[in-house]
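Working through the structure, step by step
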Amino acid sequence: MTLLDNSLIIDKEINEYLEAVAFEQQLSINTAKSYKNDLNLYKDYLIGKNITSIKNVESKDISNYLAKLSKESYAITSIAHKLTSIKNLHKFFLKTGKIKTDVSLLIDRPKLKRSLPITMSISDVNNLLDIDLKTVFDYRNKAMLELLYGTGMRISEIISLTFQDVDFENSVIRCLGKGKKERIIPLGEYASSYLKMYLDVRFNLVKKTKVEYLFLNNHGKGITRQGLFKILEKILKEKNLNSNITPHTLRHSFATHMLEGGADLRAIQELLGHADIATTRIYTHISNQKVMEDYKNYHPRNNK
């Protein structure tokens, strides 16, 4: 059997895993693509070492592969992500009985330096949201940003909203998050009010083909990620605010301000759609950091 024939074995194994995990976990297109890219790199490395089946992989092979990535100047976060994909692959085949030992268990994850996400002060948020409503684009931008800050939704969730997702009568909004998990988020008075105002003028953006997406661009199509980033970038520049702020910063600010206002961490977890509360706990670090900074800056007995 030639090397080409052998390579088909591991190729088939990886495709089997990708198909199974995509079905079981209802992965988004982007997540499935990311897994595939990670595992194709891993596969190419193994084939180059004449390893043509998951059954024949040893822990040293994984270690050597990670060392190779490091030498090629891959970021530690990227290496950690690729190792997660590899570990999930081996775990799957152990579970299905194709391998008897999961050699990836012996490989430690690289330690990541976790940086706290950027958040905005309440006054900066108010400044950002203080949009003079003159054109249909102003109404649209105001409604989008109010929703981002008022609900903590991700940018992908905001741009995917349709008319059916909004329930003004019950003041809630339906959101499809990661893994296509649905959650219901309260719709605050500000977000609700400005969304209604935008919908009253939205017809000005509609072209020949009607689109169900709530937020439209000047071509009458749904706003894209890039489009929302550009809109926010323009407003930040006009208001002389931090240019590093992104739509996700409003999500972080939403959670931090909720926590500082006394909200329960579990409630914030539900609102953000985090599967693990450990992900939500990062906001307690941000809040604690703010307390320490305020103490150092404002307590009269901190500095002589």
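Refer to the structure printed above.
Residues numbered from 1 in each chain as written. Predicted model: local features only at pLDDT ≥ 70, side-chain atom pairs only at ≥ 80, totals over all residues. Heavy atoms only, no water.

1. Observations concerning the overall build of the protein chain
If you tally the helices and strands in the protein chain, you get 13 helices and three strands. A burial count over the protein chain gives 40% of its 304 residues as buried. Contacts in the protein chain between residues at least 24 apart in sequence constitute 59% of all its contacts with a sequence separation of at least 6. Counting every atom, the protein chain has about 18,400 Å² of accessible surface; 51% of that belongs to carbon and sulfur. (Helix = DSSP H or I, 4+ residues; strand = E, 2+ residues; numbered from the N terminus. Buried < 20%, exposed > 50% of the residue type's maximum accessible area, 1.4 Å probe, protein only. Contact = heavy atoms within 4.5 Å. Areas by Shrake-Rupley, 256 points an atom, 1.4 Å probe, with all protein chains shown as cover.)

2. Examining the pairing of strand 2 (residues 172-176)
The alternating pattern of strand 2 places Ile173 and Cys175 on a buried face, while none of Val172, Arg174 and Leu176, on the opposite face, is buried. Sheet topology note: the strand 2/strand 3 (residues 182-186) ladder contains five bridges and is antiparallel. Across the sheet, residue cysteine 175 finds its bridge partner in strand 3, namely arginine 183. In textbook terms, the turn of a hairpin is the stretch between consecutive antiparallel strands, and for strand 2 and strand 3 this stretch comprises five residues, one of which, glycine 179, has a positive phi near 70 degrees. (Pairing = 2+ DSSP bridges.)

3. Section: unusual backbone geometry
Phi at serine 73 takes a positive value of approximately 70 degrees, unusual for a residue other than glycine. Among the secondary structure elements, serine 73 is positioned in the loop between helix 3 (59-71) and helix 4 (76-95). Taking relative accessible area as the criterion, serine 73 reaches 64% and is therefore assigned exposed.

4. Considering the pattern of salt bridges
The tally for this structure, following the rule as stated, stands at twelve salt bridges. Between arginine 183 and glutamate 157 there is a salt bridge, with its nearest N and O atoms 2.9 Å apart. Pair noted here: arginine 183 is in strand 3 and glutamate 157 is in helix 7 (residues 155-159), with a separation of 26 residues, a long-range link. For arginine 183, a relative accessible area of 10% gives the class buried. On the accessibility criterion, glutamate 157 (4% relative accessible area) is buried. Glutamate 238 is paired through a salt bridge with lysine 234; the nearest N and O atoms lie 3.0 Å apart. Here the residue glutamate 238 and the residue lysine 234 both occupy positions in helix 9 (residues 225-238), the gap between them amounting to four residues, near one helical turn. (Salt bridge = Lys/Arg side-chain N within 4 Å of Asp/Glu carboxyl O.)

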